[in-house]
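Tertiary structure, described
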Amino acid sequence: MHTTKPETTGARGRGLALALVSACAFGGSGVAAKPLIEAGLDPLHMVWLRVAGAALVMLPLAWRHRALVRRRPVLLAGFGLLAVAGVQACYFAALSRIPVGVALLVEYLAPALVLGWVRFVQRRPVTRAAAVGVVLAVGGLACVVEVWSGLGFDAFGLLLALGAACCQVGYFVLSDQGAADDGTEAPDPLGVIAYGLLVGTLVLTVIARPWEMEFAVLARQAEMDGSGVPAGVLLAWIVLVATVAAYVTGVLSVRRLSPQVAGVVACLEAVIATVLAWVLLGERLSAPQVLGGMVVLAGAFIAQSATPAKASPEPVLGSLPGPLPEEPGAAEPRARSGEAGAGDEESAGTEASAADAGAPGATAPGAPLPRAAEPGAGTEPCGSAVVPGS
């Protein structure tokens, strides 16, 4: 037993490092894209360059997982249309009108919107913690956009950022309803990402018309707070670091961490993006906006943690905390079906009491990056470690 703990600790340490790299990479995408948009590149063309470039790099993975096209066509189409094309097109268009940090914070309403779908559309109850998370997220957003001054930012830009959040919700609902419950093998998240990028490229090619792009912009210098930076360098960063590396490290991190820990680290993306925009672009937020952003992230995390697990066959009361590997006496789900012994029944009763009290547990889809489910988590492998398109 003692010989396995260092390996577990080492794996978690590597997972945390990968999650931090992913959050930093995603957080730097908007900072690199905004100077290109301000230099004359259309936001849709910027999205097409990012998605098409990443799809080209991920093409070998798509070939390796080509069976996914036959096994999960709806999931791939949904990820490509909503989580890739929809989220990124709305997010990049929002960047042309509002600050990077504000656009990303509005996107973080997605977990709260998912809970709204569960409560009012699916008509399933949610925990008190979930409701508190939604209230915090909405209240924090009011501070970020400065509603007391009649909205401190472009209203259409805010709607575009909200559209990105809604596209995330659409993908979560689609993947939740299209998930396989027959015990078939879950799709590899890297394969889903690769095909999602390919589908997104096809859709964006029709919408963005890249042949009309002003390619001369890529040969010039882009301005970052008064300093010139080669546009080609910024584009390479967006494709290779802020997309490919961000997705891959995000998936690898969730395979080594619990969804809850990965979700906490993913929330750093908005903080990193705001700090980078402050330092590199000169986009400074007021004290109420910074405070509101912190409240949005807190609310998003609470809402995400309290969202019910996908595979729950009973009315949703909130997710139950999963048993830790170090606790061999923890209750198994079979205790609820009457198949366990008296000790398991007692543990199951304790867990049920915690659920009734509104204790948050395993994370359900709350952010758009496909991920591998942790053993015993009871969730679909496409979940919420990292916000795509940011």
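Residues numbered from 1 in each chain as written. Predicted model: local features only at pLDDT ≥ 70, side-chain atom pairs only at ≥ 80, totals over all residues. Heavy atoms only, no water.

Re the packing of helix α2 (residues 29–38) against helix α3 (residues 43–57)
Worth spelling out the cut-off: Every angle, taken between N-to-C directions, lies between 0 and 180 degrees, and every axis is a line fitted to C-alpha atoms, over only the stretch in contact when it is a helix. Going along the chain from the N terminus, every DSSP run of H or I of four or more residues is numbered as a helix, and every run of E of two or more is numbered as a strand. An angle below 35 degrees is treated as roughly parallel, one above 145 as roughly antiparallel, one from 65 to 115 as roughly perpendicular, and anything else as oblique. Crossing handedness is read from the near helix: turned anticlockwise from the far helix by less than a right angle, it gives a left-handed crossing, and turned clockwise, a right-handed one. Any two residues having at least one pair of non-hydrogen atoms within 4.5 Å are treated as being in contact. Three classes are used, and their members are as follows: Ala, Val, Leu, Ile, Met, Phe, Trp, Tyr, Cys and Pro are nonpolar, Asp, Glu, Lys and Arg are charged, and the others, Gly among them, are polar.
Look at α2 against α3: their axes get within 10 Å of each other, and the N-to-C directions meet at 130 degrees. Considering their axes alone, α2 and α3 lie oblique with respect to each other. Handedness of the α2/α3 crossing: right-handed. When α2 is examined against α3, the residues S29, A33, L36 and I37 are found in contact with a partner set consisting of P43, M46 and R50. Looking at the contact of α2 with α3, its residues break down into five nonpolar, one polar and one charged.

Some words on α2
Side chains three or four residues apart in an α-helix point the same way, a direct result of the helix having 3.6 residues per turn. Here is the rule: Residue burial is assigned from relative accessible area. The probe radius is 1.4 Å, only protein chains are included, and a residue is buried under 20% of its type maximum, exposed over 50%, and partly exposed in between.
Counted residue by residue, α2 has nine buried out of 10 residues, so it is predominantly covered. Just beyond α2, the residue with positive phi is G40, at close to 120 degrees.

Focus on the pairing of strand β2 (residues 227–230)
For the record, the criterion: Should DSSP find at least two bridges between two strands, the strands are taken to pair.
Strand direction decides the pairing type here: strand β1 (residues 221–224) and β2, joined by four bridges, are antiparallel. Across the sheet, the residue bridging to E223 is G228, located in β2. Linking β1 to β2, which pair antiparallel, is a turn of two residues; within it D225 sits at a positive phi near 55 degrees.

Focus: the packing of helix α6 (residues 73–95) against helix α7 (residues 100–107)
Close contact between α6 and α7 brings their axes to 9 Å; oriented N to C, the two are set at 145 degrees. For the element pair α6 and α7, the recorded crossing hand is right-handed. Between α6, through V87, Y91, A94 and L95, and α7, the contact on the second element is made entirely by V100, A103, L104 and E107. The class makeup of the residues in the contact of α6 with α7 is seven nonpolar, no polar and one charged.

Quick notes on α7
Judged by how many residues are buried, α7 sits mostly within the fold: eight of eight residues are covered. Turning to α7, its buried residues number three or more, namely V100, G101, V102, A103, L104, L105, V106 and E107.

A short note on a nonpolar patch on the surface
Put simply, the rule reads: Within the patch definition used here, like charges are joined within 9 Å and nonpolar side chains (Val, Leu, Ile, Met, Phe, Trp, Tyr) within 5 Å, considering only residues with over 30% relative accessible area and no salt bridge. Only the protein chains shown count as cover for residues, and the accessible areas themselves come from Shrake-Rupley with a 1.4 Å probe. In what follows, salt bridge is the name for a side-chain nitrogen of Lys or Arg lying within 4 Å of a carboxyl oxygen of Asp or Glu.
Nonpolar side chains collect at one region of the surface, where L20, L268, V271, V275, W278, V279, L280, V290, L291 and M294 lie side by side and expose about 850 Å² of accessible area between them. Among the elements of the structure, α14 (268–281) and α15 (287–306) are those that each provide at least two residues to the nonpolar patch. No other element matches the six residues that α14 contributes to the nonpolar patch. Classification of V279 by relative accessible area gives exposed; the value is 57%.

Structural notes on unusual backbone geometry
The backbone phi angle of R123 is positive, close to 55 degrees, even though this residue is not glycine. Structurally, the position occupied by R123 is in the loop between α8 (110–121) and α9 (128–144). With relative accessibility at 68%, the residue R123 sits in the exposed group. Positive phi, close to 55 degrees, is recorded for D225, a residue that is not glycine. Tracing the backbone through its elements, the reader meets D225 in the loop between β1 and β2.

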